Amino acid sequence: MYLRFFLIEDDPVVRRMLEKIITDSGLGKVIGQADDGINVSIDQLKNVDVILIDLLMPRLDGIQTMKKLRSEGFPGPFIMISQVENKEMVGEAYLQGVDTYIQKPINKYEVVSVLKRVANHLALSSSLISIRNLLEVMDDKDQQPFLKASTYSAKHSIEEKACHLLLTLGIAGETGTSDILAVIKWLEAREQNGKNIHDLPQLKDLYKQILLQSGNHFDEESLQKELRAMEQRIRRIVLQTFTNLASIGLTDYTNPNFEHYAPRLFDFEEIRQRMEELKNGEKTTKCRLSIKKFITALYLETKEEMNFH
């Protein structure tokens, strides 16, 4: 996905570095810049997809600028650029709508990695909107009064919140993302039918139900093959999340994402062990992961995100 960026950063050297990285990576182009948030208005952001913004700036800082631009109607993601280690300030930035952050001093590979995740997230969100719109058009054509637009809005809402959460965890766009979204929707339907989401069937049975409800036709051999593939994809994405959080914790133990999600999605003792493994340069892990705990906690976090907003 080719993105249009706006940079709000008081250091011209950092702006030049970011522009070069964005251009060289082929992810998009910078269509506007400012050295302070005070003179940036929504009129300058009509064609902007993503804003990269420094947290600490003279006159109007990053948090105040985000508040102003959100109130004026900018809908896109903010990527914070910061070397601030103050836990309260970083937490406030997330509360005000920062989607992710880039740590100073600027590292090319980190910038590209973050921008790719954001691009994948936006592409996935765009696809979900297209699907919802298509379903609504089909609904109008078929004149099916029992399929309400509000139903699609609700589905879109939980999927969009789930996508945002996957972006926060650094796994949006990874292989297995669509499987995770399918599990989230399955859990939502299960809860709406009055069933306890903590009382789940065996994972293989859960995946089988999702595949059989997908509308695809499987013979027994192809069903078993797809089941194994789905199991592997979900396990890989869970392991990726596990390692991402452990890496964040190793770098910054007070990071708000680490503090919030690590103990909710995983056994915290396992996270600490993975941090030790990463510290020792071990690429593989001996940690035991509970996939059931992860998908249940991820669903609850998605619901909490919906209720919060």
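Note that the structure is predicted; figures quoted are calculated from it, not measured.

What follows is about the overall build of the protein. What the protein contains, in helices and strands, is 11 helices and 5 strands. By residue count, 44% of the 309 residues in the protein fall in the buried class. Taking as baseline every contact in the protein between residues at least 6 positions apart, the subset at least 24 positions apart corresponds to 65%. Here the protein has roughly 16400 Å² of accessible surface; of this, 49% comes from carbon and sulfur atoms.

Looking now at the pattern of salt bridges. When the charged atoms of two side chains with opposite charge come close together, those side chains can pair. According to the stated counting rule, one finds 11 salt bridges in the structure shown. A salt bridge links D49 to R4; its shortest N-O distance comes to 3.1 Å. Taken as a pair, D49 in the loop between β2 (28-34) and β3 (50-54) and R4 in strand β1 (residues 3-8) lie far apart in primary sequence, 45 residues in all. In this structure D49 comes out as buried when scored by relative accessible area, which is 19%. Of the charged contacts in the structure, one is a salt bridge between E277 and R274, with a shortest N-O distance of 3.0 Å. With E277 and R274 both in helix α10 (residues 268-279) and 3 residues apart, this pair spans about one turn of that helix. On the accessibility criterion, E277 (5% relative accessible area) is buried. Residue class for R274 comes out buried when judged on its relative accessible area of 2%. Salt bridges here are not isolated pairs; linked through shared partners, they connect E9, D54 and K104.

Our focus in this paragraph is helix α9 (residues 256-265). For α9, the complete set of buried residues consists of N257, F258, Y261, A262 and L265. All buried residues of α9 project into a common sector of 105° when viewed along the axis, lining one side. Regarding α9, its N-cap is N255, as a side-chain oxygen of that residue lies 2.8 Å from the backbone nitrogen of N257 further along.

So, about the packing of helix α8 (residues 220-251) against α10. Where α8 contacts α10, the two axes come as close as 9 Å, and the packing angle between them is 70°. Judged by the angle between their axes, α8 and α10 are roughly perpendicular. Of the residues in α10, those touching α8 at F242, T243, L245, A246, S247, G249 and L250 are E270, I271, R274, M275, L278 and K279. Across the contact of α8 with α10, the residue classes tally to 7 nonpolar, 3 polar and 3 charged.

The positions that UniProt labels "modified residue: 4-aspartylphosphate" (unreviewed entry) are, in the present scheme, D54. Mapping D54 onto the fold places it in strand β3. Judged by its relative accessible area of 5%, D54 falls in the buried class. With residues up to four places along the chain from it excluded, the contact list for D54 reads I8, E9, D10, G62, I81 and K104.

So, about helix α6 (residues 177-192). Here α6 spans 23 Å end to end across 16 residues, near enough to the 22 Å set by a 1.5 Å rise per residue. Residues T177, D179, I180, L181, V183, I184, W186, L187, E188 and R190 constitute the buried set of α6. At the C-terminal side of α6, G194 shows a positive phi close to 85°.

Following the sequence through the fold, T241 ends up in helix α8. Classification of T241 as buried rests on a relative accessible area of 0%. Discounting chain neighbours no more than four positions away, the residues touching T241 are L169, I171, L265, F266 and F294.

The next point concerns the packing of aromatic side chains. Across all of its chains, the model carries 5 aromatic pairs by this definition. Note on F74 and F78: the rings are 5.5 Å apart at their centroids and 65° apart in plane angle, and the pair reads as edge-to-face. The pair formed by F74 and F78 is uniform in burial state, with each residue classed as buried. Taken together, the ring pairs in this structure connect F242, F266 and F294 into an aromatic cluster.

A negative phi angle is the norm for most residues apart from glycine, just as the trans form is the norm for most peptide bonds. Omega for the bond connecting K104 with P105 falls within 30 degrees of zero, at 0°, which places this linkage in the cis form. Take P105: it is sitting in the loop between β5 (98-103) and α4 (108-142). Here the phi dihedral of R59 falls at roughly 65°; this positive angle occurs in a residue that is not glycine. Mapped onto the elements of the fold, R59 is located in the loop between β3 and α2 (62-72). Judged by relative accessible area, which is 60%, R59 ranks as exposed.

Here is what the cut-offs are and how they apply
- Residues numbered from 1 in each chain as written.
- Predicted model: local features only at pLDDT ≥ 70, side-chain atom pairs only at ≥ 80, totals over all residues.
- Heavy atoms only, no water.
- Helix = DSSP H or I, 4+ residues; strand = E, 2+ residues; numbered from the N terminus.
- Buried < 20%, exposed > 50% of the residue type's maximum accessible area, 1.4 Å probe, protein only.
- Contact = heavy atoms within 4.5 Å.
- Areas by Shrake-Rupley, 256 points an atom, 1.4 Å probe, with all protein chains shown as cover.
- Salt bridge = Lys/Arg side-chain N within 4 Å of Asp/Glu carboxyl O.
- Arc of directions from axis to C-beta.
- Polar contact = N/O pair within 3.5 Å; in protein donor to acceptor, adjacent residues only side chain to side chain.
- Axes fitted to C-alpha atoms, helices over the stretch in contact; angles between N-to-C directions.
- Parallel < 35°, antiparallel > 145°, perpendicular 65-115°, else oblique.
- Nonpolar A, V, L, I, M, F, W, Y, C, P; charged D, E, K, R; others polar.
- UniProt positions renumbered as here; feature names shortened; annotations may be inferred.
- Expected span 1.5 Å × (residues − 1).
- Phe/Tyr/Trp six-rings, centres within 6.5 Å; stacked < 30°, edge-to-face > 60°.

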